[in-house]
Amino acid sequence: MVKVALITGITGQDGSYLAELLLEKEYKVWGIIRRSSQINTHRIDHLYVNQNLILRYGDLSDSANLLHIMYEIKSSYPHMERLEVYNLGAMSHVKVSFEMPEYTGNIDGLGVLRLLEAIRSAGLSHMARFYQASTSELYGKVLEVPQSEKTQFNPLSPYATAKMYGFYITKNYRESYGMYCCNGILFNHEGPRRGETFVTRKITRGLGMILRGERDKLVMGNIDSLRDWGSAYDFVRGMWLMLQQEKPDDYVLSTNEYHSVREFIELAFGMRGFDIGWKGEGLSEIGFDKKTGRELIFVSDKYFRPNEVEELLGDSTKARTILGWNPETSFRSLVEEMVNADCP
C-alpha cells in the first residue's frame, strides 16, 4: 500500500522534522510552501534529493489552491487507501497575532476549515486522516494545573482564539461527517530549527552573538513565565502516532514538567561559562555574570504581550497510555542541543 501524506507548514520547525520522519517511513510526502520574496526552505533543503518529496506552492487562505492540490494527489495515486494530512501551517507567533489579528484568524481559524472542506470536496473524506496542530495557548489564563484534554480553554490572544476555532471545527467535522480528525494539543516544543523570534532561540542566538562579540547584551520580556518545554522531534513522533490509531481523538503532548524563562537563560549561559545572578526588580531587573560582574540580561516591556500567559504545564497521561508516546529528550538536553547549534 502506497503511503501518502500532505504537510502544510512543511518549511517550519515541526514540518521539517515531520517530513524527515515520514520519508524515513517511505511515505510519499507532499508539502505546501508559501510563495515569498525571501527563500524560506532552508529547513528542508537537505531533503530535496529524496524523490518521495513533492512540493507545491499554496496558502491556507486560498480555497481553490487547496482543492486543486487535493485533486492532484488523488489523481496521482488512483489506488491510494489512505491520505494523512498534517495541518501545521499557521501564523504562530503569539505577540505578533496582536498586531495582525485579522490575518491570524483567517489562517489559523478559517484556514483549517478550508483544508477540511478541500478534503471533503475532493471526495477524500473516507480515506483521509487529518491532524490539526492545536496549542497549549488555548488554556491561556489557566483554570487548573496541570492542563489535560478535559481542562477548559481560556485563550488570551488572537492566536489562541483563532486556534480554538481550528480545534472545534476539526472536532465538528469528526462528529458531523465521520471523518478521521485529531487535534494535537502540543505544549511548547523547541529545537535548533525553532524560529529566531521565539524566546528559546532568542536566548541561544543572543548568547552566541555575545560570545562572538556581535552584541553586548540580551533584552528579554517576561522572564518569569513558566512553560512546559519539550523537543520538537519527540512531538512530531506523537503527531504521527495519533493518525495510526483505530479511532480518532484529541491528545495533549507535553513533558509534564515546567521551567521558567529565567531558568532557561541561566542554564544556557551556564553551558558557556557564565554564572548568572540577578539584581533589581521588574523592568529594572538585570542578569549579570557573578564571576566578572558583567551585566548581560535586561528586561523591556517592549517584549511583553498585551495579555500574558503566566504558566502552562501539561498532563499527557492519555497520550502516554493510548499512543505509547513518551518524550525522550530532557530539558537539559534540549537546551544543550540548542546552545551547541547556536554557539559552536
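Residues numbered from 1 in each chain as written. Predicted model: local features only at pLDDT ≥ 70, side-chain atom pairs only at ≥ 80, totals over all residues. Heavy atoms only, no water.

**Looking at the packing of helix α6 (residues 199–211) against helix α8 (residues 261–270)**
The relative placement of two packed helices comes down to the angle between their axes together with the axis-to-axis distance. One way to put it is that α6 packs onto α8 with a least axis distance of 10 Å and a crossing angle of 30°. One element, α6, and the other, α8, form an angle in the roughly parallel class. Judged by the twist between their axes, the crossing of α6 over α8 is right-handed. Here Val199, Thr200, Ile203, Thr204, Leu207 and Ile210 of α6 come into contact with α8, specifically with Val261, Phe264, Ile265, Ala268 and Phe269. Considering only residue class, the contact of α6 with α8 consists of nine nonpolar, two polar and no charged. (Axes fitted to C-alpha atoms, helices over the stretch in contact; angles between N-to-C directions. Helix = DSSP H or I, 4+ residues; strand = E, 2+ residues; numbered from the N terminus. Parallel < 35°, antiparallel > 145°, perpendicular 65-115°, else oblique. Left-handed = near helix turned anticlockwise from the far one by under 90°. Contact = heavy atoms within 4.5 Å. Nonpolar A, V, L, I, M, F, W, Y, C, P; charged D, E, K, R; others polar.)

**Points about the sheet that holds strand β3 (residues 53–57)**
With parallel pairing, seven strands are arranged side by side in an open sheet as β3-β2-β1-β4-β5-β6-β11. With one partner strand each, in any of the chains shown, β3 and β11 (251–253) form the two edges of the open sheet. If you compare each strand with its neighbour and ignore which way they point, the axes differ by 20° on average. As paired strands, strand β2 (residues 28–33) and β3 are joined by five bridges and run parallel to one another. (Pairing = 2+ DSSP bridges.)

**Thoughts on the pattern of salt bridges**
Using the criterion set out here, one finds 17 salt bridges in the structure. Of the charged contacts, one joins Glu175 and Lys171 as a salt bridge, the two residues approaching to 2.8 Å between their closest N and O atoms. Highlighted residues: Glu175 and Lys171, both in helix α5 (residues 158–177), separated by four residues, approximately one helical turn. For Glu175, a relative accessible area of 55% corresponds to the exposed category. Where Glu295 meets Lys279, a salt bridge forms, and the shortest distance between an N and an O atom there is 2.8 Å. Taken together, the positions of Glu295 in strand β15 (residues 295–299) and Lys279 in strand β13 (residues 276–279) put the pair 16 residues apart, joining distant regions of the chain. Where salt bridges share partners, they join Asp224, Arg262 and Glu285 into one cluster. (Salt bridge = Lys/Arg side-chain N within 4 Å of Asp/Glu carboxyl O. Buried < 20%, exposed > 50% of the residue type's maximum accessible area, 1.4 Å probe, protein only.)

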